[in-house]
Amino acid sequence: MLDITGLSHRYDDGHQAVDDIELSVEGGELVSIVGPSGCGKSTLLRCVAGLQRPSAGRITVGGRAVEGAVPPNLAVVFQDYTRSLFPWLTVRDNVALPLRRHGLGRAERRARAAKALAQVGLDGTGSRYPWQLSGGMQQRVALARALAYRPSLLLMDEPFGSVDAQTREDLEDLLLAVRGGPAGEGGPAGEGGPAGEGGTAKRPPGRMTILLVTHDIDESVYVGDRVVVLTGAPGRVHSDLRVDLPAPRDRVATRGLPEFVRLRAEVGRAVRRP
Amino acid sequence: MTGPARAGAGPGPEPRAPARALLRPGALVSRRWGRALLGALGAGGAVLVLELLARGGAVDDDALPPATSVLARAAGMAVDDGFLGHLGTTVSAWLGGLALAVALAVPAGLLLGSLPWLDRAGLAVVELARPVPSVALIPLAILVFAEPVRVERSLVCYAALWPILLNTLYGLRDVDPVAKETLRAFGFGAPAVLVRVSLPSAGPFVLTGVRIAASVGLIVAVSAELRAGGDSGLGVYLLQTQSGGGRPDLMVAGAVWAGALGTAANAVLVGAGRLAFPHSARAAAGRGG
Ligand SMILES: Nc1ncnc2c1ncn2[C@@H]1O[C@H](COP(=O)(O)OP(=O)(O)OP(=O)(O)O)[C@@H](O)[C@H]1O
Ligand SMILES: [Mg+2]
């Protein structure tokens, strides 16, 4: 579904952000990305999203080279969620606007927006403006916008960074619930075959493929099928750990499993070791 | 799931709201009234001072008529068909020129602002053309257009063009790149990003440009009438009050009307901005207001 080979990026000021990153993600996989601040996680996501043309390397999504063009049926939750929300639109319209790409009518867009807002615990905030909400609420609006879009590839840059611990656990479970489809059945963007301009009107079958950047080691293991640890600077892949925990994950039972404890310790060691 | 009541306990970055947000909404309301009261007091005081100056004989009674009689004259002119005809000519030339300027400057600004290499060239042209005062172009405009109404409208348009164009350009520069990338990431193309992000984001700037242009345009409209003549317009009316010994009370009353026009246009545009761009008004209204 997603293949990254030899990805390096050097910003215009000469700063090398990521260096020779290799990463391959199966359709439907949820890959957690952890690493110290400034190691190039956001840069990596921007390159995958086609927002940033890398200085070297190749990225393909569903068999198609990204090369500075945004892959179809993609959603991004930006780390800077306050700047990513449109202050001139209400919360509801913020969530509904991208759905125009799916060719949905106004009523359907609104219904989907309302549902996504309810899912993230923001019932009844639809007619307010983003700047009238707290930081944690705004972050959930950005999350709802991405979920309402039902992308086949979802890139999330610290999407739960500003919410309290309890809400965070709820949102982790929500993410696992809405990624859809059973495991293994992935690649909804269609491997090969041009996935035509724009999204399809209906939700593609199979699971969303998700890249989730997080600073929370516990979270990276709990939600991930894999945990990729980056080291900086420049960012390189330090280790790539498979998470063999049974589904469905349970916030109490899963965290008590010896395998969970072992993985969490291993990721922790990898993050700390330069 | 969780209710909003518990939300926001995390240390999220503050949204771009001002520190004044701590003020209670009630305090804001009374503050607005307080400001209006102060304004009324100031205006009343000025009228009083002018009145005393004229009546007390400090200035020549003929040169500066008492404020109350000027205001009475101005009020009377509201039902004077002759004067209203003059006023209508000015207003239509002024608004016509302004509308033309908006229709030219906003698309030009969008075009220049969305093409980086044009942006530089565009700004250079603007910086060269802008310092030329429109009143200096009155003789040229008379030569070119001859007909007074067209002279007036084209000069208003010229004067109004620059503030609108500049504010559009600066507004587009100020658009948050993250907001643009957000829409791009959802698969929207450049035109959609321009219309759905850049334009609404730059909107408050553009409107400020229009407000500046409106006040500049009114000055130019009246100046053009004073110089180019014609048979109707506020400037023409002022010239007429000058002739035959002169009627200072009517002259000043005419000026009061010009001031009222400018004030009204400003108020309308500010109100429209509040309605159209609530996010830019939030600095004044505070969070949750
Ligand atoms: N536009 C830019 N121009 C120059 N350097 C940049 C730019 N954006 C990021 N960098 C640099 O690239 C490096 C990686 O930045 P990036 O934002 O990808 O890190 P990150 O892993 O997302 O960090 P964090 O966890 O703090 O969000 C940093 O050293 C940063 O200073
Ligand atoms: Mg980052």
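Residues numbered from 1 in each chain as written. Chains lettered and ligands numbered in written order. Predicted model: local features only at pLDDT ≥ 70, side-chain atom pairs only at ≥ 80, totals over all residues. Heavy atoms only, no water.

As annotated in an unreviewed UniProt entry, chain B carries the name Nitrate ABC transporter permease and is attributed to Streptomyces longispororuber. As its UniProt record puts it under Sequence similarities (unreviewed entry), chain B is described as follows: "Belongs to the binding-protein-dependent transport system permease family." Among the UniProt annotations of chain B, the heading Subcellular location (unreviewed entry) holds the following wording: "Cell membrane". (UniProt positions renumbered as here; feature names shortened; annotations may be inferred.)

Per an unreviewed UniProt entry, chain A is named ABC transporter, and its organism is Streptomyces longispororuber.

**Q** What is the right way to read the coordination of the magnesium ion (ligand 2) from this model?
**A** Under ideal tetrahedral coordination, the four donors around a metal are separated by 109.5 degrees; under ideal octahedral coordination, the six donors are separated by 90 or 180 degrees. All names here are of chain A. At 1.9 to 2.2 Å from the magnesium ion (ligand 2) lie its protein donor atoms, namely S42 (OG) and Q79 (OE1). Of this pair, S42 sits in helix α1 (residues 41–48) while Q79 sits in the loop between β6 (74–77) and α2 (81–84), and the two are 37 residues apart along the sequence. Overall, S42 belongs to the partly exposed group, its relative accessible area being 24%. Overall, the relative accessible area of 39% leaves Q79 in the partly exposed class. (Donors = N, O, S within 2.8 Å, 3.2 Å for Na, K, Ca; no water. Helix = DSSP H or I, 4+ residues; strand = E, 2+ residues; numbered from the N terminus. Buried < 20%, exposed > 50% of the residue type's maximum accessible area, 1.4 Å probe, protein only.)

**Q** Can you walk me through the sheet that holds strand β8 (residues 209–213) of chain A in this structure?
**A** Hydrogen bonds between backbone atoms are what pair the strands of a sheet, whose relative direction is either parallel or antiparallel. Residue and element names in this part refer to chain A. The mixed open sheet is built from 6 strands, whose spatial order is β6-β7-β8-β3-β9-β10. A strand with exactly one partner marks an edge of an open sheet, and here the two such strands are β6 and β10 (236–242). Put simply, the sheet's adjacent strands are angled 15 degrees from each other on average, direction ignored. In this structure, strand β3 (residues 30–34) lies alongside β8, joined through 4 bridges in parallel fashion. The partner of L30 across the bridge, within β8, is I210. Sitting on the sheet, helix α5 (residues 135–149) is in contact with β6 and β7 (153–157), with an inclination near 170 degrees to β6. (Pairing = 2+ DSSP bridges. Axes fitted to C-alpha atoms, helices over the stretch in contact; angles between N-to-C directions. Contact = heavy atoms within 4.5 Å.)

**Q** Could you clarify how one ought to interpret the nonpolar core in this entry?
**A** General note: in soluble globular proteins, nonpolar side chains tend to be found buried as a group. Residue and element names in this part refer to chain A. In this structure, L154 and L175 are the most contacted members of the largest nonpolar core, which totals 112 residues. If we skip the residues at most four places from it in the chain, L154 touches A75, V77, A146, L147, L175, M208, T209, I210 and L211. Ranked by size, the runner-up nonpolar core spans 31 residues in total, among them L7, L23, A49 and V76. (Core = buried A, V, L, I, M, F, W, Y, C linked by side-chain atoms within 4.5 Å.)

**Q** How should the sheet that holds strand β4 (residues 56–61) of chain A be read in this particular structure?
**A** Residues and elements named next belong to chain A. The strand order β2-β1-β4-β5 describes an open sheet built from 4 strands, whose pairing is antiparallel. This sheet does not close on itself; its edge strands, each paired only once, are β2 (16–25) and β5 (64–65). When strand β1 (residues 2–10) meets β2, the two strands line up antiparallel, connected through 6 bridges. Residue L2 lies in a different strand from β2, and its bridge partner there is V25.

**Q** What should I look at first to understand the UniProt feature "domain: ABC transmembrane type-1" (unreviewed entry) in chain B in this one?
**A** Following the UniProt record, the feature "domain: ABC transmembrane type-1" (unreviewed entry) maps to residues 87–269 of chain B here. Helix makes up 85% of residues 87–269 of chain B and strand makes up 0%, while its end C-alpha atoms are separated by 20 Å.

**Q** Looking at this structure, how should I read the packing of helix α3 (residues 81–114) of chain B against helix α9 (residues 234–242) of chain B?
**A** To characterise two packed helices, one gives the angle between the axes of the helices and the distance between these axes. All names here are of chain B. Packing of α3 against α9 leaves a shortest axis separation of 7 Å and a crossing angle of 140 degrees. In terms of axis orientation, α3 runs oblique to α9. Of the residues in α9, those touching α3 at F83, H86, L87 and T90 are L234, V236, Y237 and Q240. (Parallel < 35°, antiparallel > 145°, perpendicular 65-115°, else oblique.)

**Q** Can you help me understand the side chain of S32 of chain A in this one?
**A** Residues and elements named next belong to chain A. Inspection of the secondary structure assignment puts S32 in strand β3. Taking the relative accessible area as the measure of exposure, S32 reaches 0% and is therefore buried. Once residues lying within four places of it in the same chain are set aside, the contact partners of S32 are L212, S220, V223, G224, R226, V227 and V228.

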